[in-house]
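Observations on chain architecture
One-letter residues, chain by chain:
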Amino acid sequence: MTPPPHVSPRDVLPDPRSGPDKDAELVQRMFDRVAPRYDLANTLLSVGHDRHWRRVAAAAIGARRGDLVLDVASGTGMLARDLGASGAEVVALDFSWNMLRAGADRGDPLLLWCNADGTRLPFADATFDAVTIAFGLRNLPDIAAGLAEMARVTKPGGQILVLEFSTPVRAAFRILYHRYLLGCLPCAARLVTSDPAAYRYLAESIVAWPDQRALASRIAAAGFQQVRWKNLTGGIVAAHHARRSS
Ligand SMILES: C[S@@+](CC[C@H](N)C(=O)[O-])C[C@H]1O[C@@H](n2cnc3c(N)ncnc32)[C@H](O)[C@@H]1O
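Residues numbered from 1 in each chain as written. Predicted model: local features only at pLDDT ≥ 70, side-chain atom pairs only at ≥ 80, totals over all residues.

Along helix α2 (residues 24–34), the residues classified as buried are Val27, Met30, Phe31, Arg33 and Val34. Burial along α2 is one-sided: seen end-on, the buried residues are contained in an arc of 155°. (Buried ≥ 20, exposed ≤ 12 C-beta atoms within 10 Å, placed from the backbone. Helix = DSSP H or I, 4+ residues; strand = E, 2+ residues; numbered from the N terminus. Arc of directions from axis to C-beta.)

Here's what the structure looks like:
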């Protein structure tokens, strides 16, 4: 059916649901759509904090020249660039072609770009010294399957780093923050992007996401040990670090 002329095709595409029944194809289409303005919108809406969060994540991994690192759900490769600054070889993997394209167009000759699904990684077992995922795990249709794949391709004793929105530690701040997410963020997004629906999905998926301790348990269940986390910006974001069991 052809939509009436005043309705854009984007309006008739359903947006992904933030719950466990989220549809990977809709998530992929949504990121393909937001790709051209993704980095700018992120930086504006986080008031520049996103760059700091990724730098902390890269520092926690401490990759060195000669290391091989995989950044899953890499988007435009923002974390991959920070990881590669030390001379490590970094693969930036994402299933959204447009996100990778936007990153590759910036011309970083040292990154390797890979268009693939994070729940079916096209690599042999125990390939990488470290595997990272920034603001991506929440978007996978099956978190356990995603973590299991990351464990499979990490060398025994290798590192994993999950950077993700989390639960603010102080109760009063948490209540205000959730009000901001569900009430103000989609409105603020209207000012800096043409796609406020994507930011409604973002807000709902953050509120539904497990807190720091629950995520640590899920990482441990996937075959990692020594799981620790660092709260950033009062717990708005947490960086979970662990090592692949030997
Ligand atoms: C919020 S963005 C984060 C991008 C980047 N890591 C960053 O820090 O800006 C989430 C990314 O996850 C990707 N993604 C979601 N599900 C995926 C999957 N199943 N396989 C690969 N990439 C996926 C999306 O295409 C999108 O680029």
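Grouped together as the largest cluster of nonpolar side chains are 65 residues, with contacts concentrated most on Ala57, Val69, Leu83, Leu163 and Ile219. The dominant element in this core, judged by the number of residues it contributes, is helix α9 (residues 196–207), at 6 residues. Apart from the residues lying within four places of it in its own chain, the contact partners of isoleucine 219 are Leu147, Ile160, Val162, Phe224, Val227, His240 and Ala242. (Core = buried A, V, L, I, M, F, W, Y, C linked by C-beta atoms within 7 Å. Contact = placed C-beta atoms within 7 Å.)

Time to look at the sheet that holds strand β2 (residues 89–94). Reading across the sheet, the 7 strands line up as β3-β2-β1-β4-β5-β7-β6 and stay open at both edges, with mixed pairing between neighbours. If you trace the sheet from one side to the other, it starts and ends with β3 (111–115) and β6 (224–232), each paired once. The mean angle between the axes of side-by-side strands here comes to 20°, regardless of whether they run parallel or antiparallel. With 7 bridges joining them, strand β5 (residues 154–165) and strand β7 (residues 237–244) adopt antiparallel strand pairing. Looking at the pairing, leucine 161 lines up with histidine 241 of β7. Those strands touched by helix α4 (residues 49–61) are β1 (68–72), β4 (128–134), β5, β6 and β7, and its axis lies near 165° from that of β5. (Pairing = 2+ DSSP bridges. Axes fitted to C-alpha atoms, helices over the stretch in contact; angles between N-to-C directions.)

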